[in-house]
Amino acid sequence: MTKSRVAAIDVGNDSIKAIFGELEYELNIPNIIARDTEDRPVIGIEELDNKNPLDGIHIKVHSPALKENNVIYRVGNLATKTDNATELDPGSSKSEEDQTLIMLLATLALDAVQQTGFPKVKNVIDASYTLGTGLPLREVKEGKDAGYRSRLVGNVHQVEFLVTPKYQGLKVNIKFNEVKVYPEGFAAYINLVMDNGLKIINKDLIDKRILIQDIGGLSTDIAVIKNRNVDDDKAQGFNLGVSESLEAIREEIRIKHGVELDSRRDVVEIITRKNDRNHIMVKGSRTSVHDITDRILLDLAKKQYRLLRNVWQKNSQTEICYFVGGGSHVLKDYIKTLNNNLDGYNIEFFEDDKESIWMMANAYYKLIMDFVRKTEKPKEPVKAN
């Protein structure tokens, strides 16, 4: 029987963050796909195989879980180079979108082709995974986690690599030994207070009343933690993320400066990079877009701050709110300024950008590894009478 490999995957709106095995492999892929009707042209197979596979993910996906089956896609960096690239739309449910599954399966296939432990017959690899992943709190409260899990478990999903560097012609059959779907707010709490062995590392926080405001691309979750658990009745999910604002910045830059940015990720890079932040090149000249980014992001930060204020008022004994997720990384400076000038809540951001962005994937890893440890405990021998 094939040994199941552990995978923890956060299908974020901006990108996929994945951790595999014994923490030995990570993947981060932009969450962008583009349908392709035929094999993309390349100059030569030798040149293709010298390139990074992550820059040329070109696949055909077969899965009973997909609404549109057997479709060819460009994924990640390669998809940004097309005119028909799609990113998840505001208002959509992560659990119900084909794009979520396509990105999830592509990520698993990229790991599987590098493993020697999976059976391989000719060009077909049979891969088995124990998966930890998550959904926004709103979708879990609506019961969509069960449907999402059932689409994955019990089916065989196949990813065929087409014109992809190093992996062209390989097919990966993916089965799930187990899938655990966690609410994102609870996962963030686990990551805050526990290590990889789920031992408590932050005793100061463990019994505090905490809010965790997770700002994503499409939604914002505010988890209310008390008595070491998420209060399901008080926790709230909102259809407010950073995607629409990033899209608005991208469009204004196009109209005002005539510069076409490939994706929202390009916008994120412009507003978060260490050097030349909020600047672009226009006809070879370094040009500030501060006026555009500040106005749009400050407006979004005000809406996020309003959410915080409303939830805090309903949970008046809250001691601290942690802001997590990629959206918090983008809005950090604006929310801090608002808070200093207004209510002065006890709020905290993660100064380590990677820690904030990878928080969900790290939490899913801790939780799924704990599940594996508990289910793989050796059975005690039966005592003789």
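See the structure printed just above.
Computed from a predicted structure; not experimentally measured.

How each quantity is defined
- Residues numbered from 1 in each chain as written.
- Predicted model: local features only at pLDDT ≥ 70, side-chain atom pairs only at ≥ 80, totals over all residues.
- Heavy atoms only, no water.
- Helix = DSSP H or I, 4+ residues; strand = E, 2+ residues; numbered from the N terminus.
- Expected span 1.5 Å × (residues − 1).
- Buried < 20%, exposed > 50% of the residue type's maximum accessible area, 1.4 Å probe, protein only.
- Salt bridge = Lys/Arg side-chain N within 4 Å of Asp/Glu carboxyl O.
- Pairing = 2+ DSSP bridges.
- Phe/Tyr/Trp six-rings, centres within 6.5 Å; stacked < 30°, edge-to-face > 60°.
- Core = buried A, V, L, I, M, F, W, Y, C linked by side-chain atoms within 4.5 Å.
- Polar contact = N/O pair within 3.5 Å; in protein donor to acceptor, adjacent residues only side chain to side chain.
- Contact = heavy atoms within 4.5 Å.
- Axes fitted to C-alpha atoms, helices over the stretch in contact; angles between N-to-C directions.
- Parallel < 35°, antiparallel > 145°, perpendicular 65-115°, else oblique.
- Left-handed = near helix turned anticlockwise from the far one by under 90°.

1. Side note on helix α12 (residues 359-375)
When the terminal C-alpha atoms of α12 are compared, their 25 Å separation across 17 residues agrees well with the 24 Å that a helix rising 1.5 Å per residue should span. α12 sits mainly inside the fold: 12 of its 17 residues count as buried. Taken residue by residue, α12 has Met359, Met360, Ala361, Ala363, Tyr364, Tyr365, Lys366, Leu367, Ile368, Met369, Asp370 and Val372 as its buried positions.

2. What about the pattern of salt bridges?
Overall, the coordinates contain 20 salt bridges when judged by the stated rule. A single network of salt bridges, built from pairs that share partners, joins Arg5, Glu24 and Asp111.

3. So, the environment of glycine 143
Of note, glycine 143 is situated in the loop between α3 (137-141) and α4 (144-152). Overall, the relative accessible area of 39% leaves glycine 143 in the partly exposed class. Note: C-alpha distance between glycine 143 and aspartate 232 (89 residues apart in sequence) is 12 Å.

4. Considerations on the pairing of strand β11 (residues 210-215)
β11 sits mainly inside the fold: 6 of its 6 residues count as buried. Judged by which residues are buried, β11 turns out to be covered on both faces: Ile210, Ile212 and Asp214 on one side and Leu211, Gln213 and Ile215 on the other are all buried. Where β11 meets strand β12 (residues 220-226), 6 bridges bridge the pair, whose relative direction is antiparallel. Opposite glutamine 213, over in β12, you have isoleucine 222 as the bridge partner. Where β11 meets strand β17 (residues 320-324), 5 bridges bridge the pair, whose relative direction is parallel.

5. Some remarks on the packing of aromatic side chains
Per the stated rule, a full pass over the model turns up 8 aromatic pairs. Between the aromatic rings of phenylalanine 20 and tyrosine 129, the centroid separation amounts to 6.3 Å while the plane-to-plane angle is 65°, which identifies the pairing as edge-to-face. Pair noted here: phenylalanine 20 is in strand β2 (residues 15-20) and tyrosine 129 is in strand β8 (residues 124-135), with a separation of 109 residues, a long-range link. Taken individually, phenylalanine 20 and tyrosine 129 each receive the classification buried, so the pair is uniform in this respect.

6. Examining unusual backbone geometry
With a phi angle near 55°, asparagine 70 is a residue other than glycine that sits in the positive phi range. Counting through the fold element by element, asparagine 70 comes out in the loop between β5 (57-62) and β6 (71-75). Judged by its relative accessible area of 41%, asparagine 70 falls in the partly exposed class. The residue asparagine 278 is not glycine, and still its phi comes out positive at about 60°. With respect to the helices, strands and loops of the structure, asparagine 278 is situated in the loop between α8 (264-272) and β15 (279-282). Residue asparagine 278 is classed as buried on the basis of its relative accessible area of 4%.

7. Some words on the nonpolar core
Core analysis: the largest hydrophobic core is formed by 45 residues, its most contacted members being Ile9 and Tyr129. It is helix α2 (residues 98-112) that provides the largest number of residues to this core, a total of 10 residues. Counting residues in each nonpolar core, the second largest holds 39 residues, with Phe238, Leu240, Ile249 and Val282 among its members.

8. Notes on the pairing of β12
In terms of burial, β12 is largely enclosed, as 6 of its 7 residues are buried. Linking two consecutive strands that pair antiparallel, namely β11 and β12, is a turn of 4 residues. Two elements, β12 and strand β14 (residues 236-238), share 3 bridges in a ladder whose sense is antiparallel. Opposite threonine 220, over in β14, you have phenylalanine 238 as the bridge partner. As defined by bridge partners, β12 adjoins strand β13 (residues 229-230) across 2 bridges and the pair is classed as antiparallel. Residue pairing in the sheet places lysine 226 in a bridge with asparagine 229 of β13.

9. Considerations on the side chain of glutamine 304
With respect to the helices, strands and loops of the structure, glutamine 304 is situated in helix α9 (residues 290-314). Classification of glutamine 304 by relative accessible area gives buried; the value is 0%. Side-chain polar atoms of glutamine 304 contact the side chain of glutamine 213, separated by 3.0 Å. Apart from the residues within four sequence positions on either side, glutamine 304 is in contact with Gln213, Ile215, Thr220, Leu240, Leu331 and Ile335.

10. Quick word on the side chain of asparagine 278
Polar contacts involving the side chain of asparagine 278 include one to the side chain of histidine 290, which spans 3.4 Å. Other than its neighbours up to four places away in sequence, asparagine 278 contacts Ile270, Ile271, Thr287, Ser288, Val289, His290 and Thr293.

11. Quick notes on the packing of helix α7 (residues 243-257) against α9
At a minimum axis distance of 10 Å, the contact between α7 and α9 shows a crossing angle of 155°. Considered as vectors, α7 and α9 are oriented roughly antiparallel to each other. Between α7 and α9 lies a crossing whose hand is right-handed. Residue-level inspection shows Ser245, Ala248, Ile249, Glu252, Ile253, Lys256 and His257 of α7 in contact with α9, the latter providing Asp291, Ile292, Thr293, Arg295, Ile296, Leu297 and Leu300.

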